Amino acid sequence: MMLRLFSALAACALLATPAVAQQTGGVQPHYLGGASGQFANRAPLPAFPAGGPGCALSDTQVATATTTAFGAGSQVVQQRSSTASVPPGCHPLVGIGIGAGVALALGQNSVAAQNIDVTAAQGSLANVRFGRSIGQAVGRSSTVVQHVGVH
């Protein structure tokens, strides 16, 4: 039992660290002369995000929370959210959204509640959405309420 609790707490510590991964794309025109120079001076290829250079190839949104009510009769409510950060005119190739939470109600008559909401960018090539929650009510008459939404 205690080993599970410590494993859950260790996982929460890892989840609490923010993660951001961004890349930019587009085609940098170079004058090479001749026919190849004409090709290199063309507009960005359609496979690149709308808007060309400076637009993100991927947009990653992560929201995590760890909510713990230790004391008898304690109540903890936590809310986390993350929204896509794509500039107007840009469409990433890959949109990733991750929501994860751990809620522990350990004290007698305690309540641990959390709401995690992630809105990820719509990718033109791939969309990855992942939500996971772990809740444990240990104390007598304790309650855990969780909502994890990833869209």
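If you're wondering where the values come from, they're calculated on a predicted model, not measured in any experiment. (Residues numbered from 1 in each chain as written. Predicted model: local features only at pLDDT ≥ 70, side-chain atom pairs only at ≥ 80, totals over all residues. Heavy atoms only, no water.)

A. Just the overall build of the protein, in detail. What the protein contains, in helices and strands, is two helices and eight strands. Shown N-terminal to C-terminal, the secondary structure of the protein runs as helices and strands in the order α-β-α-β-β-β-β-β-β-β. Relative to its full complement of 151 residues, the protein shows a buried share of 32%. A sequence separation of at least 24 residues applies to 76% of the contacts in the protein between residues at least 6 apart. As displayed, the protein offers around 8,900 Å² of accessible surface, 59% of which is attributable to carbon and sulfur atoms. (Helix = DSSP H or I, 4+ residues; strand = E, 2+ residues; numbered from the N terminus. Buried < 20%, exposed > 50% of the residue type's maximum accessible area, 1.4 Å probe, protein only. Contact = heavy atoms within 4.5 Å. Areas by Shrake-Rupley, 256 points an atom, 1.4 Å probe, with all protein chains shown as cover.)

B. How the structure looks around the sheet that holds strand E8 (residues 143–150). Taking strand neighbours across the sheet as the criterion, the three strands line up as E4-E6-E8 in an open arrangement whose pairing is parallel. The open sheet has two free edges, formed respectively by strand E4 (75–83) and E8, since each of these has just one partner strand. Across the sheet, the mean angle separating the axes of adjacent strands is 5° when strand polarity is ignored. In terms of strand pairing, E4 meets strand E6 (residues 111–119) through nine bridges, oriented parallel. (Pairing = 2+ DSSP bridges. Axes fitted to C-alpha atoms, helices over the stretch in contact; angles between N-to-C directions.)

C. Up close: the confidence of the model for the protein. In this model, the protein carries an average pLDDT of 78, and 65% of its residues clear a pLDDT of 70 or more. Throughout residues 17–45 the model reports pLDDT below 50, and contacts reaching past four residues in sequence, or to other chains, amount to 38 contacts. (pLDDT = per-residue confidence, 0-100.)

D. Geometry of unusual backbone geometry. Non-glycine residue Asn-109 carries a positive phi angle of around 55°. We note that Ser-141 has phi near 60°; this positive angle belongs to a residue other than glycine. With relative accessibility at 53%, the residue Ser-141 sits in the exposed group.

E. Representation of the environment of Ser-124 in the model. Topologically, Ser-124 is positioned in the loop between E6 and strand E7 (126–137). Note: C-alpha distance between Ser-124 and Pro-92 (32 residues apart in sequence) is 6.5 Å.

F. Focus on the environment of Ala-112. Considering the arrangement of structural elements, one finds Ala-112 in strand E6. Taking relative accessible area as the criterion, Ala-112 reaches 0% and is therefore assigned buried. Separated by 24 residues in the primary sequence, Ala-112 and Gln-136 place their C-alpha atoms 9.1 Å from one another. Residues within four places of Ala-112 in sequence aside, it is in contact with Thr-67, Ala-69, Val-76, Ala-103, Leu-104, Ala-105, Thr-143, Val-144 and Val-145.

G. A look at the environment of Ser-85. Mapped onto the elements of the fold, Ser-85 is located in the loop between E4 and strand E5 (94–105). In sequence terms Ser-85 and Thr-119 are 34 residues apart; their C-alpha atoms lie 9.7 Å from each other. When near neighbours in sequence (up to four residues on either side) are disregarded, Ser-85 contacts Asp-59 and Gln-61. In terms of polar contacts, Ser-85 uses its side chain to reach the side chain of Gln-61, at 3.5 Å. (Polar contact = N/O pair within 3.5 Å; in protein donor to acceptor, adjacent residues only side chain to side chain.)

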